[in-house]
Amino acid sequence: MHSCYQLNQNHILGCSNESSIGSEDEEEGVVHETVKAVELAGCDWIHVDVIDGRFVPNITLGPLVMMVEPDQRVPDFIKAGADIVSVHCEQSSTIHLHRTVNQLFMEAVVNLVLIMSVNPGFGGQRFIESQVKKISDLRRMCVEKGVNPWIEVDGGVTPKNAYKVIEAGANALVAGSAVFGAKDYAEKL
Ligand SMILES: O=C(CO)[C@H](O)[C@H](O)COP(=O)(O)O
């Protein structure tokens, strides 16, 4: 099983002394250190949310890099080092899903379905229990079709409920506040 961690500006600020973050360089240093720390603690993936203040009210990466229609930047994310790129299926986020998925297949090997288990936009929300059935339905459909994608679950995942989503068939978990809000990342892992 892979575990992965969401990294966004809120989580970085949440686990640091906000007043100590001044310049962009300092902020970049905090991001760097935090990523290094969760990697050392044993996380397998770093999950970075690109949230642009349109599909959801929040902005994760900061106004300087704010964008609309992030799916149009897929090649840039890959060039920047992303191994996996996932997009929202809602048309209000990804305007032309078919085109974007085709583009993903041309740019990289894509084999992951992400099920959101909170309303997207903010970390620290409560896990939506009804999504457990969605995960098991998806796993069953995959078995029936003879495919085996990563099934990633994102939102409200904690050490207390992780077993449920794993039992339902997920094999990649995003944990934001559960990990970045803890003093000891490895223990939460
Ligand atoms: O993508 C999200 C919101 O848009 C995630 O749900 C969230 O950021 C993950 O954090 P947490 O584990 O605290 O729910």
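Going along each chain's sequence as written, the residues are numbered from 1 onward. Where totals are concerned, whole chains, interfaces and linings use all residues; where local detail is concerned, this predicted model gives features only for residues with pLDDT of at least 70, and gives and counts side-chain atom pairs only at 80 or more. Based on all heavy atoms of the structure, the side-chain values leave hydrogens and waters out of the count.

Colleague: An account of the pattern of salt bridges is requested, with residue identities and associated values reported.
Modeller: In the sections that follow, a salt bridge refers to a side-chain nitrogen of Lys or Arg positioned within 4 Å of a carboxyl oxygen of Asp or Glu. Evaluated as defined, the whole model comprises 5 salt bridges. The partner of Glu-33 in a salt bridge is Lys-36, with the nearest N and O atoms 3.7 Å apart. With Glu-33 and Lys-36 both in helix H2 (residues 24-41), this residue pair falls 3 residues apart, about one helical turn. Summary of the burial criterion: residues with accessible area below 20% of their type's maximum are buried, those above 50% are exposed, and those between are partly exposed, where the area comes from a 1.4 Å probe applied to protein chains only. Using a relative accessible area of 40% as the deciding quantity, one classes Lys-36 as partly exposed. Between Asp-137 and Lys-133 there is a salt bridge, and its shortest N-O distance comes to 2.8 Å. Placement of the pair is Asp-137 and Lys-133 together in helix H5 (residues 131-145), with a separation of 4 residues, close to one helical turn. You can call Lys-133 exposed: its relative accessible area is 53%. Helix and strand definitions here come from DSSP, where helices need a minimum of 4 consecutive H or I residues and strands a minimum of 2 consecutive E residues; each element is numbered from the N-terminal end.

Colleague: Could you give an account of the environment of Ile-151, with specific residues and numbers?
Modeller: Here Ile-151 is to be found in strand S4 (residues 150-154). When its relative accessible area of 0% is taken as the criterion, Ile-151 is described as buried. Considering only alpha carbons, one finds Ile-151 and His-88, 63 residues apart in sequence, at a separation of 14 Å. Throughout, a residue-residue contact means that at least one pair of heavy atoms, one from each residue, lies within 4.5 Å. Setting aside its immediate chain neighbours within four residues, Ile-151 contacts Val-113, Ile-135, Leu-138, Arg-139, Gly-169, Ala-170, Asn-171 and Ala-172.

Colleague: Which residues make up the pairing of strand S3 (residues 112-116), and what are the values?
Modeller: Strands pair, by our definition, only if DSSP identifies at least two bridges between them. Here S3 pairs with S4 via 5 bridges, running parallel. Within S4, the position partnered with Ile-115 by the bridge is Val-153. Read from S3 through H5 to S4, the crossover connection turns out right-handed. When the strands point away from the viewer, a crossover counts as right-handed if the path from the first strand over the helix to the second runs clockwise.

Colleague: Quick rundown of H2? Include the residues and the values.
Modeller: Taking 1.5 Å per residue, 18 residues should reach 26 Å; H2 reaches 26 Å between its end C-alpha atoms and fits that length. For H2, every residue scored as buried is listed here: Val-30, Thr-34, Val-38 and Ala-41. Relative to the axis of H2, the buried residues are bounded by an arc of 60 degrees and lie together on one face. Across H2 from its buried face, at more than 90 degrees, point the exposed residues Glu-24, Asp-25, Glu-28 and Leu-40. Looking one or two residues beyond H2, the residue adopting positive phi is Gly-42, at roughly 115 degrees. The length a helix should cover is 1.5 Å for every residue beyond the first. For this quantity, the arc is that covered by the directions from the helix axis to the C-beta atoms.

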